[in-house]
Amino acid sequence: MSQQQKGGLLDQILLEDVARCCPHQFLAFHQCMSLPQPDPEHCLKQQVELTQCIRTSVPSFQKIQGECSGKLQAYEACLKMNKSQTLKCTHELEDLRNCAFGSINK
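Residues numbered from 1 in each chain as written. Predicted model: local features only at pLDDT ≥ 70, side-chain atom pairs only at ≥ 80, totals over all residues. Heavy atoms only, no water.

The next thing to look at is the pattern of salt bridges. Applying the stated criterion across every chain, the model contains 3 salt bridges. Between D11 and R97 there is a salt bridge, with the nearest N and O atoms lying 3.2 Å from each other. Placement of D11 in helix α1 (residues 3-21) and of R97 in helix α6 (residues 90-104) is noted, with a sequence separation of 86 residues between them. Residue R97 is classed as partly exposed on the basis of its relative accessible area, which comes to 28%. (Salt bridge = Lys/Arg side-chain N within 4 Å of Asp/Glu carboxyl O. Helix = DSSP H or I, 4+ residues; strand = E, 2+ residues; numbered from the N terminus. Buried < 20%, exposed > 50% of the residue type's maximum accessible area, 1.4 Å probe, protein only.)

Dropping the structure here:
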C-alpha cells in the first residue's frame, strides 16, 4: 500500500471515529465552516469543543496519541523550527502517519 493510500485510509478511519464519537461537535463545526465567514475566528468555539471531544472521546485518536507521542512531538518541533512550513517536515509527517496507521491497525 502506498503512502498516499495509507494516509487516505487513516484519514477516513479517524474521520469516521470523530463523527461517531463526537457527532454534535462535528456537525456544529462543519455547519459553521460552511457559512460565509467574516473573520478567521468565526468558528473558534466550535473548533475548541470538537478538539476537546476528540481528545477525550475518540479511541483511535487516544491510541495514536499514546503510541506515537514521540513522532508527534518531532513533527510539532519541526513545524515550530520551520515556522509551520509543512513541506520542510515531510519526513516527520510520514513517520507520524506510519506510526498512526500501524497503531490503529493492530
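Resuming the write-up.
The biggest cluster of nonpolar side chains holds 12 residues, and these are L10, I64, C68, Y75, C78, L79, C89, L96, C99, A100, F101 and I104. Mapped onto this core, the elements with two or more residues apiece are α5 (69-81) and α6. Among the elements that line this core, the one with the most residues is α6, at 5 residues. Excluding its chain neighbours within four sequence positions, the residues that come into contact with L96 are C68, K71, L72 and Y75. Grouped together as the second largest cluster of nonpolar side chains are 6 residues, C22, L50, C53 and V58 included. (Core = buried A, V, L, I, M, F, W, Y, C linked by side-chain atoms within 4.5 Å. Contact = heavy atoms within 4.5 Å.)

For the rest of this paragraph, the subject is the environment of I64. Relative to the elements of secondary structure, I64 occurs in helix α4 (residues 59-67). Between the C-alpha atoms of I64 and C99, which are 35 residues apart in sequence, the distance is 7.7 Å.

Fair warning: the whole summary comes from geometry, so function is off the table for now.
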